[in-house]
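# Chain and residue survey
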Amino acid sequence: MSININLKIFLFAIIFYFTKQIEIYALLMIFAILHEMGHLICGLILGLKPKALKIMPLGISIEFSVIYNDYNKKVKNANILSLKKMIIALAGPITNFLIVGICLILRKYINSFYCNEIIYANILIAIFNLLPIYPLDGGRCIKSLIHIFRGNKSAIEYTNHISNICVILITMLSSIGIYYYKNIAILLILIYLWTLVIIENKKYNTKKRIYKIIENS
């Protein structure tokens, strides 16, 4: 399994350090790792093998090798692999919600301050990853679901449109928070989301041209 480290993680750490939010950043990264362990365990249970581990500024991402036999097992317009991808995508946020549930149960027995911090961090990670923006978990679920019912071309097209609309709406709402609270973390998250969307837009345009060539041939 290959391991790739995005160097922007060090830039984010420096920025959070000088804005006195390094503890929050460290806490989020710790539970982001547990979030990804949920993906990993689920993938292994479903018979997939991890191919690559990517360490990014706002978390960690695991890629799995494709089992080609799954392409032969149809689920309506897609294959069983699409269903597996959706289940794996949901496993991460579910892991965070399980941690929240455990903290709520144990809060009466241990320091409530630490429990509240853990609950806040995990809810934040779960909600962030469930945003319908590809390649976040929410976007992956939408793409897999559309793929199952409408096929790959529609999945790519609709997921791209949903991602763009969502990031624009989030930017509009977050701009209010940045203006009133002067929170650099919100700005960094927005930059990260726009980076994801811009990269995926380039991939979408390439795939769109390929489909157009195929249709005209």
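Residues numbered from 1 in each chain as written. Predicted model: local features only at pLDDT ≥ 70, side-chain atom pairs only at ≥ 80, totals over all residues. Heavy atoms only, no water.

### Concerning the overall build of the protein chain
What the protein chain contains, in helices and strands, is seven helices and five strands. The order of α-helices and β-strands along the protein chain, N terminus first, is β-α-α-β-β-β-β-α-α-α-α-α. Relative to a compact globule of 217 residues, whose C-alpha radius of gyration would be 17 Å, the protein chain shows 19 Å and is just as compact. For the protein chain, with 217 residues in total, the buried portion stands at 40%. Long-range contacts, defined here as pairs at least 24 residues apart, represent 64% of the contacts in the protein chain between residues at least 6 apart. In the form shown here, the protein chain has an accessible surface area of approximately 13200 Å², with 69% of it arising from carbon and sulfur atoms. Of the side chains in the protein chain, 23 bear a positive and 9 a negative charge, and the two mean positions are spaced by 5 Å. (Helix = DSSP H or I, 4+ residues; strand = E, 2+ residues; numbered from the N terminus. Rg over C-alpha atoms; globule rule 2.2 N^0.38 Å. Buried < 20%, exposed > 50% of the residue type's maximum accessible area, 1.4 Å probe, protein only. Contact = heavy atoms within 4.5 Å. Areas by Shrake-Rupley, 256 points an atom, 1.4 Å probe, with all protein chains shown as cover. Lys, Arg positive; Asp, Glu negative; His and termini not counted. Charge placed at Lys NZ, Arg CZ, Asp CG, Glu CD.)

### With respect to the state of the cysteines
Working definition of a disulfide: a covalent bond connecting the sulfur atoms of two cysteines. This model, assessed by the stated rule, comprises zero disulfides. Cys103 takes part in no disulfide bond, and the closest cysteine sulfur to it belongs to Cys115, at a distance of 4.4 Å. On the basis of relative accessible area, Cys103 is assigned to the buried category, the value being 8%. Judged by relative accessible area, Cys115 falls into the buried class, the value being 1%. (Disulfide = S-S within 2.5 Å.)

### Focus on the pairing of strand β3 (residues 59-64)
With five of its six residues buried, β3 lies for the most part within the structure. By the bridge criterion, six bridges tie strand β2 (residues 50-56) to β3 in an arrangement that is antiparallel. Each bridged residue has a counterpart across the sheet, and for Met56 the counterpart in β3 is Gly59. (Pairing = 2+ DSSP bridges.)

### Thoughts on empty space enclosed by the protein
Here the structure, examined in full by the defined rule, presents one cavity of 30 Å³ or more. Of the pockets and cavities examined, the largest cavity occupies roughly 120 Å³. Contributing to the lining of the largest cavity are Tyr134, Lys143, Ile156, Thr159, Asn160, Ser163, Glu200, Lys203, Tyr204 and Lys207. When contributions to the lining of the largest cavity are tallied by element, the ones reaching two or more residues are α6 (152-181) and α7 (184-216). Each residue belonging to the lining of the largest cavity can be placed in one class, and the counts come to three nonpolar, three polar and four charged. (1 Å grid on protein atoms, 1.4 Å probe; cavity = no way out; pocket = protein on both sides within 12 Å on 5 of 7 lines; lining within 4 Å. Points joined across faces, edges and corners; volume = space filled by probe spheres on them. Nonpolar A, V, L, I, M, F, W, Y, C, P; charged D, E, K, R; others polar.)

### As for the side chain of Ser163
The residue Ser163 is located in helix α6 in this model. At 2.9 Å, the side chain of Ser163 forms a polar contact with the backbone nitrogen of Tyr134. Not counting residues within four places of it along the chain, the set of residues in contact with Ser163 comprises Pro132, Ile133, Tyr134 and Val197. (Polar contact = N/O pair within 3.5 Å; in protein donor to acceptor, adjacent residues only side chain to side chain.)

### Quick word on the packing of α6 against α7
The contact between α6 and α7 brings their axes to 10 Å, and the two run at 160°. Classified by the angle their axes make, α6 and α7 are roughly antiparallel. In this structure, the crossing between α6 and α7 has a hand that is left-handed. (Axes fitted to C-alpha atoms, helices over the stretch in contact; angles between N-to-C directions. Parallel < 35°, antiparallel > 145°, perpendicular 65-115°, else oblique. Left-handed = near helix turned anticlockwise from the far one by under 90°.)

### Comments concerning helix α3 (residues 80-106)
Here α3 is 27 residues long and its end C-alpha atoms lie 39 Å apart, about the 39 Å a rise of 1.5 Å per residue gives. In the structure, α3 departs most strongly from a straight axis at Gly92, where the bend amounts to approximately 30° and where the proline Pro93 lies between one and four residues downstream. (Expected span 1.5 Å × (residues − 1). Bend = angle between axes of the 7 residues up to and from the residue.)

### Observations concerning the sheet that holds strand β1 (residues 2-5)
The three strands lie next to each other as β1-β2-β3, forming an open sheet whose pairing is mixed. On the outer flanks of this sheet lie β1 and β3, each paired with one strand and no other. Ignoring which end each strand starts from, the neighbouring axes of this sheet average 15° apart. Both β1 and β2 contribute to a ladder of four bridges, which runs parallel. Across the sheet, residue Ile5 finds its bridge partner in β2, namely Ile55.

### Remarks on the environment of Leu44
Checked against the element boundaries, Leu44 lands in helix α2 (residues 22-45). Sequence separation between Leu44 and Tyr158 is 114 residues, and the spatial gap between their C-alpha atoms is 29 Å.

The analysis is restricted to geometry; functional conclusions fall outside its scope.
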